[in-house]
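# Analysis of the macromolecular model
The residues making up each chain are set out below.
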Amino acid sequence: MFKGSMPALVTPFRNGELDLDTLKHLVEWHIEQGSTGIVPVGTTGESPTLSHEEHETVIAEVVKATAGRVPVIAGAGSNNTVEAIRFVEFAARIGADAALVVTPYYNKPTQRGMVAHFEALHDCADIPIVIYNIPGRSVVDMTPATMGELAKLPRIVGVKDATGDLARVSQQRGSCGPDFIQLSGEDATALGFNAHGGVGCISVTANVAPKLCAEFQAATLAGDYKTALDYQDRLMPLHEAVFIEPGLVGAKYGLSKLGLCSEEVRCPLTTLEDSTKAAIDAAMKHAGLI
């Protein structure tokens, strides 16, 4: 259903407002470059600083721009279950192919609380749900056992795993079954993730290097790890440089170097330090992008 390289799409701004023309051009570019899906309004899409109306506008525009050519996994998470229900219902109504739902941040729910949250979202709309487990941002960590309990629900179809723990892939195969879709949420370890049984990556780096990331993913899924390792060597400096500061800021800077998007981000994020820009420039040259 969902596999390969799917950029966690940035949300372009111009003078503080959504830049929808650039958003549409980015969708076209990603499809041309071989991306196998689009993931709007996640953390990389600056969801924390978008209004509800902006959040829904971005999803609607991306669904319209893709026109069914690649799947759209719409960011629909919140630490407020009622708010998340609104986003999941909207994603279903607008025609997104799935909803990406992060584990509730800040509240620090128990495993039982996370089950209750995801059950409510599962039951609110007829749309597949991909769990987003990222303890570094949400503070809570969904265990493989809890994920296995949720995987019994027909519309909980997969996970974006950003734990960085490659053993989780095998553990989750055991608890959720081999058909449960496991997508990496960490570019630097996506090679090992797929070797353990993953089928793709929701990628920050793919904002800047969609063709390379798509070809890298295709190689891993074909079992050609020698070729995949060559791509990994080209991409690794970029994976690291993009995340010297918050990844979405690095991604927007990289896109600005390609003439595709403004560097503009919303406070409390700021544009990059010159030293970080220099590191991204060098990594992009190493990858053959500039």
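For the rest of this paragraph, the subject is the sheet that holds strand 8 (residues 181-184). The parallel open sheet is built from seven strands, whose spatial order is 1-9-8-7-6-5-4. In this open sheet, the two edge strands, each paired with only one partner strand, are strand 1 (4-7) and strand 4 (73-75). This sheet shows a mean twist of 30 degrees between the axes of neighbouring strands, independent of strand direction. As paired elements, strand 5 (residues 98-102) and strand 6 (residues 129-133) share four bridges and run parallel to each other.

Let's shift gears to the environment of K257. Considering the arrangement of structural elements, one finds K257 in helix 11 (residues 247-257). Residue class for K257 comes out partly exposed when judged on its relative accessible area of 38%. Between the C-alpha atoms of K257 and Q33, which are 224 residues apart in sequence, the distance is 17 Å. Beyond its immediate sequence surroundings of up to four residues, K257 is in contact with D281, M284 and I290.

All right, on to helix 1 (residues 20-33) then. With 14 residues, helix 1 extends 20 Å between its outermost C-alpha atoms, agreeing within 8% with the 20 Å of an ideal straight helix rising 1.5 Å per residue. Among the residues making up helix 1, those that are buried are T22, L23, L26, V27, W29, H30 and I31. In this fold, the buried residues of helix 1 make contact with strand 1, strand 2 (13-14), helix 2 (52-66), helix 9 (210-221) and helix 11.

In a structure, side chains of opposite charge can pair up when their charged atoms sit close to one another. This model, assessed by the stated rule, comprises 11 salt bridges. E215 is the salt-bridge partner of K211, the closest N and O atoms lying 2.6 Å from each other. Remark: E215 and K211 occur in helix 9; sequence separation between them is four residues, near one turn of the helix. Taking the relative accessible area as the measure of exposure, K211 reaches 42% and is therefore partly exposed. Overlapping salt bridges bring together D141, D165 and R168 as one network.

Take the pairing of strand 6 next. Taking burial as the measure, the five residues of strand 6 include five buried ones, the bulk of the element. Covered by surrounding structure in strand 6 are I129, I131 and N133 together with V130 and Y132, the residues of both alternating faces. In the classification by handedness, the crossover that spans strand 5, the intervening helix 4 (residues 111-124) and the parallel strand 6 is right-handed. Pairing analysis gives five bridges linking strand 6 to strand 7 (residues 156-161), with the strands arranged parallel. By the bridge assignment, I129 is partnered in strand 7 with I156.

Relative to the helices and strands, T271 is located in the loop between helix 11 and helix 12 (274-287). Overall, T271 belongs to the partly exposed group, its relative accessible area being 42%. Separated by 26 residues in sequence, T271 and E245 have C-alpha atoms that sit 9.3 Å apart.

Right, let's get into the side chain of S203. Residue placement: S203 occurs in strand 9 (residues 200-203). One polar contact links S203 to D187, side chain to side chain, over a distance of 2.5 Å. Within polar-contact distance, the side chain of S203 engages the backbone nitrogen of A206 at 2.8 Å. Discounting chain neighbours no more than four positions away, the residues touching S203 are M6, P7, A8, D187 and C213.

Among the eight residues of helix 6 (residues 144-151), six are classified as buried, and the element is accordingly described as predominantly covered. Every buried residue of helix 6 is listed here: P144, T146, M147, G148, L150 and A151. Residues of helix 6 that are buried make contact with helix 4, strand 6, strand 7 and helix 7 (167-176).

Quick notes on the rules
- Residues numbered from 1 in each chain as written.
- Predicted model: local features only at pLDDT ≥ 70, side-chain atom pairs only at ≥ 80, totals over all residues.
- Heavy atoms only, no water.
- Pairing = 2+ DSSP bridges.
- Helix = DSSP H or I, 4+ residues; strand = E, 2+ residues; numbered from the N terminus.
- Axes fitted to C-alpha atoms, helices over the stretch in contact; angles between N-to-C directions.
- Buried < 20%, exposed > 50% of the residue type's maximum accessible area, 1.4 Å probe, protein only.
- Contact = heavy atoms within 4.5 Å.
- Expected span 1.5 Å × (residues − 1).
- Salt bridge = Lys/Arg side-chain N within 4 Å of Asp/Glu carboxyl O.
- Right-handed = clockwise from strand over helix to strand, strands pointing away.
- Polar contact = N/O pair within 3.5 Å; in protein donor to acceptor, adjacent residues only side chain to side chain.

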